[in-house]
Amino acid sequence: LSTKMAEEKIDLASVEIVPLSSKQMLRRAFSSFNDPKFQHLITWLKTIAWYSQQGKVSKTYLATYQNEKIGYITILSGVLKREVEGLHSPNDSQALLIGKLYVSPEYRRSGIGKKLLSFVLGMAASLDEMIGCSGLMVDSNSDVNTVRFYKNFGFEEIAKEKDDGEETVKMF
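Read on for an overview of the structure. (Residues numbered from 1 in each chain as written. Predicted model: local features only at pLDDT ≥ 70, side-chain atom pairs only at ≥ 80, totals over all residues. Heavy atoms only, no water.)

**Some points on the overall build of the protein**
- Summing up its helical and strand segments, the protein has six helices and seven strands in all.
- When its helices and strands are written in sequence order, the protein yields α-β-α-α-β-β-α-β-α-β-α-β-β.
- When the accessible surface of the protein is split by element, carbon and sulfur atoms take 49% of a total near 10,200 Å². (Helix = DSSP H or I, 4+ residues; strand = E, 2+ residues; numbered from the N terminus. Areas by Shrake-Rupley, 256 points an atom, 1.4 Å probe, with all protein chains shown as cover.)

Set out below in structure tokens:
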């Protein structure tokens, strides 16, 4: 956490999760963020996430705090193969897939990631009641802390893959 964040505790009730509804919302999103290690995630949000949403492939939600965009989560529909799920269903089943989950570094370890993930878990539960949804999948990066974050929510590793030289961990 930055010095500013270390001095003040975030009021998670004041964090809003809003759908990305216009390109204008992205113009100043994360504009003060300069860490090159994560810049590709901001670029991804401002390009691929936006165009995927326009094509009805995915939906992105922004976390805002005190009028500042501090994180996002992109979700899309997916199919969970019956071999992965176990014998709960004789067929493949619908699931939600987290495309990306990102929290600005100065807001990490403050509950923002948990709030975004809880939001999507609630969405999956609602979809299960309405049309059937077997759960939530994620293709996580292989960072130990990231994998631990998802495991703390009950996710289990189902596969490891290499994509463009980067190892990802599939979890359900």
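**Things to note about the layout of surface pockets**
- Here the largest pocket is characterised by a volume of approximately 1,500 Å³.
- Lining of the largest pocket is provided by 44 residues; of these, L101, S140, N141, T146 and Y150 occupy positions nearest its centre.
- Of all the secondary structure elements, the ones that give two or more residues to the lining of the largest pocket are α3 (39-54), β3 (68-80), β4 (93-103), α5 (112-130), β5 (136-141), α6 (144-151), β6 (157-163) and β7 (166-171).
- Per-element accounting of the lining of the largest pocket gives the leading share, seven residues, to β4.
- Grouping the amino acids of the lining of the largest pocket by side-chain chemistry returns 17 nonpolar, 14 polar and 13 charged. (1 Å grid on protein atoms, 1.4 Å probe; cavity = no way out; pocket = protein on both sides within 12 Å on 5 of 7 lines; lining within 4 Å. Points joined across faces, edges and corners; volume = space filled by probe spheres on them. Nonpolar A, V, L, I, M, F, W, Y, C, P; charged D, E, K, R; others polar.)

**Remarks on the pairing of β5**
- Looking at chain direction, β4 and β5 are connected through three bridges and run parallel. The partner of L97 across the bridge, within β5, is M137.
- Both β5 and β7 contribute to a ladder of four bridges, which runs antiparallel. Paired with S140 across the two strands is V169, which belongs to β7. (Pairing = 2+ DSSP bridges.)

**A few points about the pairing of β4**
- Here β3 pairs with β4 via 10 bridges, running antiparallel. Residue G71 lies in a different strand from β4, and its bridge partner there is V103.
- Regarding the hand of the β-α-β motif, the stretch spanning β4, α5 and β5 is right-handed. (Right-handed = clockwise from strand over helix to strand, strands pointing away.)

**Observations concerning the side chain of T64**
- Residue position: T64 is located in strand β2 (residues 59-65).
- Assessed through its relative accessible area of 14%, T64 is described here as buried.
- Residue contacts for T64: discarding those within four places in its chain leaves S14, V15, E16, V18, K69 and I70. (Buried < 20%, exposed > 50% of the residue type's maximum accessible area, 1.4 Å probe, protein only. Contact = heavy atoms within 4.5 Å.)

**Considerations on a negative patch on the surface**
- A cluster of acidic residues, E161, D163, D164 and E166, forms a negative patch at the surface.
- With respect to the helices and strands, the residue D163 is situated in strand β6.
- A residue is classified by how much of its surface remains accessible, and D163, at 49% relative accessible area, is partly exposed. (Patch = residues over 30% accessible without salt bridge, like charges linked within 9 Å, V, L, I, M, F, W, Y side chains within 5 Å. Salt bridge = Lys/Arg side-chain N within 4 Å of Asp/Glu carboxyl O. Lys, Arg positive; Asp, Glu negative; His and termini not counted. Charge placed at Lys NZ, Arg CZ, Asp CG, Glu CD.)

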